[in-house]
Amino acid sequence: MECASAFRGLAAVVMMACAAPVAQAHPHMWIDARARIAFDGQGRMTAIQQDWLFDEMFGAYTTQGLEKGPDGSLPAKTLQGMAKDWMQALGEPISHYFTQATVNGKPVKFADPRDAVVSWDTKSQRLTLSFTLPLAQPMAPDKQGVQFDIYDPTYFVAYDFGAPGAVSLIDAPKSCQQSYRPPGELDWQTMQKLAAIPAEAETVPDELLAITKGLTHRIDVSC
């Protein structure tokens, strides 16, 4: 399964994008994201907690036809089912929650995710997926630190960490600090090539994949 496929089965919006000219371009889904790096009482890094606020179009089509309360709310059982299905899809090895961690260029292993919750805002008509991705083993970052990269190399999903406080540390030692680096800007020619890729495409061409793999949201944590 390609990274993009993790979300293809989540909602009819993916299929509907084929009929909407404005949605033809990559990316097809937008997420306002937040990330919190959690530490334990021994000053060790234990997990990265994430909140993914999906765009309004995704919310509209995902909830279309679902039973809702008088106030537009969704039943808890429905939201729980979404969380279970989405995390299962995102757990594919090649996508792995669109999250990677490295130390000195070497991959850091994660344990199974926990605390997955989907919430529905009746006012904004937007869905949020929140989850915790624990490290397989707690670790104490040194000055070289730990690097987290959040991105979809197929560029089906685009993230935005632009909100104030979107990246933070929880219970970190005073010596620890974090820095965030957004992905670089795409040139107009590349954007046109991406726009020409149909919504149903499983991936992007190799020459473009070399570019989109560099569109990472990098979080550096050092102590």
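Residue positions are counted from 1 within each chain, in the order its sequence is given. Two thresholds apply to this predicted model, a pLDDT of at least 70 for residue-level local features and 80 or more for giving and counting side-chain atom pairs, whereas whole-chain, interface and lining totals are computed over all residues. To get the side-chain values, take all heavy atoms of the structure and skip hydrogens and water.

Student: Got a sec to walk through the packing of aromatic side chains? Specific residues and values, please.
Tutor: Between 30 and 60 degrees the pair is tilted, below 30 it is stacked and above 60 it is edge-to-face, where a pair is any two Phe, Tyr or Trp rings, Trp via its six-membered ring, whose centres lie within 6.5 Å. One pass over the full model with this rule turns up nine aromatic pairs. Here W52 and F131 contribute two aromatic rings whose centre-to-centre distance is 5.2 Å and whose plane-to-plane angle is 85°, an arrangement assigned as edge-to-face. With W52 in strand β2 (residues 45-54) and F131 in strand β6 (residues 126-139), the pair connects residues that are 79 residues apart, well separated along the chain. Ring centres of F54 and W86 lie 5.3 Å apart, and the angle between their planes is 80°; this geometry places the pair in the edge-to-face category. Placement of the pair is F54 in strand β2 and W86 in helix α4 (residues 76-90), with a sequence separation of 32 residues. Taken together, the ring pairs connect W52, Y97, F98, F131 and Y159 into an aromatic cluster. Secondary structure elements follow DSSP: runs of H or I of four or more residues count as helices, runs of E of two or more count as strands, with numbering from the N terminus.

Student: Account for the pattern of salt bridges, with residues named and values stated.
Tutor: When the charged atoms of two side chains lie near each other, side chains of opposite charge can form a pair. Here, a salt bridge means any side-chain nitrogen of Lys or Arg that lies within 4 Å of a carboxyl oxygen of Asp or Glu. For the coordinates displayed, the defined rule picks out five salt bridges. A salt bridge links D51 to R36; the shortest N-O distance between them is 2.7 Å. Taken as a pair, D51 in strand β2 and R36 in strand β1 (residues 29-39) lie far apart in primary sequence, 15 residues in all. Residue burial is assigned from relative accessible area. The probe radius is 1.4 Å, only protein chains are included, and a residue is buried under 20% of its type maximum, exposed over 50%, and partly exposed in between. The buried category is assigned to D51, whose relative accessible area is 16%. For D40, the salt bridge is made with R44, and the minimal N-O distance between the two is 2.9 Å.

Student: Hey, could you go over the state of the cysteines for me, with residue numbers and the actual values?
Tutor: The disulfide criterion used throughout: a pair of cysteine sulfur atoms within 2.5 Å. Counted by the stated rule, this structure contains one disulfide. Put simply, C176 and C223 are joined by a disulfide, and their sulfur atoms are 1.8 Å apart. With the S-S bond torsion at 100°, the cross-link from C176 to C223 turns out right-handed. Taken together, the residues C176 in the loop between β9 (167-170) and β10 (177-181) and C223 in the segment after β11 (217-222) connect sequence positions 47 residues apart.

Student: Explain unusual backbone geometry to me, and be specific about the residues and the numbers.
Tutor: One non-glycine residue, Y97, adopts positive backbone phi at about 60°. By the element assignment, Y97 lies in the loop between α4 and β3 (99-103). Look at Q125: it is not a glycine, yet its phi comes out positive at around 60°. Its location among the elements puts Q125 in the loop between β5 (114-121) and β6. Residue classification places Q125 among the partly exposed residues on the basis of a relative accessible area of 33%.

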